[in-house]
Amino acid sequence: QVQLVESGGGLVQPGGSLGLSCAASGSIFSINRMGWYRQAPGKQRELVAAITSGGSTNYADSVKGRFTISRDNAKNTVYLQMNGLEPEDTAVYYCNALASTTVDRTSRMYWGQGTQVTVSS
């Protein structure tokens, strides 16, 4: 299967910056889309940003101009650079990948364990 391991969360002051990374490993045949979702207490999980293997990106309106998603296909790693952080960005951030394995080459959705991002003074 495919494992996703996130890193880089933490506590940051409003207006600050933070970078997240997520490395995929396992019996990977291909990874199409990778992305970041977040879930704040009492709210539904929402898409933050996503990127395809070809580099096409899409962002939630609330993070456009502040967050940047990028990807290293050779390392099966996706990054999220977050600038101008606001208290409303506080949430658990989850890495997500649409990937197929060498076992059966069937595309499935995989999730990381989540990393906490807290924006507070």
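Residues numbered from 1 in each chain as written. Predicted model: local features only at pLDDT ≥ 70, side-chain atom pairs only at ≥ 80, totals over all residues. Heavy atoms only, no water.

Draft legend 1. How the structure looks around the side chain of R66. Assignment of secondary structure puts R66 in the loop between strand 6 (57-59) and strand 7 (67-72). Overall, the relative accessible area of 15% leaves R66 in the buried class. Within polar-contact distance, the side chain of R66 engages the backbone oxygen of S62 at 2.8 Å. Residue contacts for R66: discarding those within four places in its chain leaves Q81, M82, N83, G84, L85, E86 and D89. (Helix = DSSP H or I, 4+ residues; strand = E, 2+ residues; numbered from the N terminus. Buried < 20%, exposed > 50% of the residue type's maximum accessible area, 1.4 Å probe, protein only. Polar contact = N/O pair within 3.5 Å; in protein donor to acceptor, adjacent residues only side chain to side chain. Contact = heavy atoms within 4.5 Å.)

Draft legend 2. Spatial organisation of the pattern of salt bridges. Tallying each qualifying case throughout the model produces six salt bridges. Across the salt bridge formed by E46 and R38, the nearest N and O atoms sit 2.7 Å from each other. Where R66 meets D89, a salt bridge forms, and the shortest distance between an N and an O atom there is 2.8 Å. Here the residue R66 occupies a position in the loop between strand 6 and strand 7, and D89 occupies one in the loop between strand 8 (77-82) and strand 9 (91-101), the gap between them amounting to 23 residues. The same class applies to R66 and to D89, which are both buried. Within the structure, one salt-bridge network assembled from shared partners comprises R38, E46, R66, E86 and D89. (Salt bridge = Lys/Arg side-chain N within 4 Å of Asp/Glu carboxyl O.)

Draft legend 3. Representation of the nonpolar core in the model. Residues W36, L80, M82 and Y93 are the most contacted members of the largest nonpolar core, which totals 31 residues. Mapped onto this core, the elements with two or more residues apiece are strand 1 (2-7), strand 3 (18-26), strand 4 (28-39), strand 5 (46-51), strand 7, strand 8, strand 9 and strand 11 (115-119). The element best represented in this core is strand 9, accounting for five residues. Not counting chain neighbours up to four residues away, the residues in contact with Y93 comprise E6, L20, W36, Y37, R38, V48, F67, L80, M82, G114, T115 and V117. (Core = buried A, V, L, I, M, F, W, Y, C linked by side-chain atoms within 4.5 Å.)

Draft legend 4. Spatial organisation of the sheet that holds strand 7. The four strands are arranged 1-3-8-7 in an open sheet whose pairing can be described as antiparallel. Edge positions in the open sheet fall to strand 1 and strand 7, since each of these has one partner strand only. Across the sheet, the axes of successive neighbouring strands diverge by a mean angle of 15°, strand direction being ignored. (Pairing = 2+ DSSP bridges. Axes fitted to C-alpha atoms, helices over the stretch in contact; angles between N-to-C directions.)

Draft legend 5. Fine view of the packing of aromatic side chains. Taken as a whole and judged by the stated rule, the model has one aromatic pair. When the ring of Y37 is compared with that of W111, the centres are 5.0 Å apart and the planes differ by 65°; the resulting orientation is edge-to-face. Highlighted residues: Y37 in strand 4 and W111 in strand 10 (residues 108-111), separated in sequence by 74 residues. Using a relative accessible area of 37% as the deciding quantity, one classes W111 as partly exposed. The ring centre of Y94 lies 3.7 Å from the NZ or CZ of R45, which sits over that ring. In this structure, R45 is placed above the aromatic ring of W111, and the distance from its NZ or CZ to the ring centre is 4.7 Å. (Phe/Tyr/Trp six-rings, centres within 6.5 Å; stacked < 30°, edge-to-face > 60°. Lys NZ or Arg CZ within 6 Å of the ring centre and 35° of its normal.)

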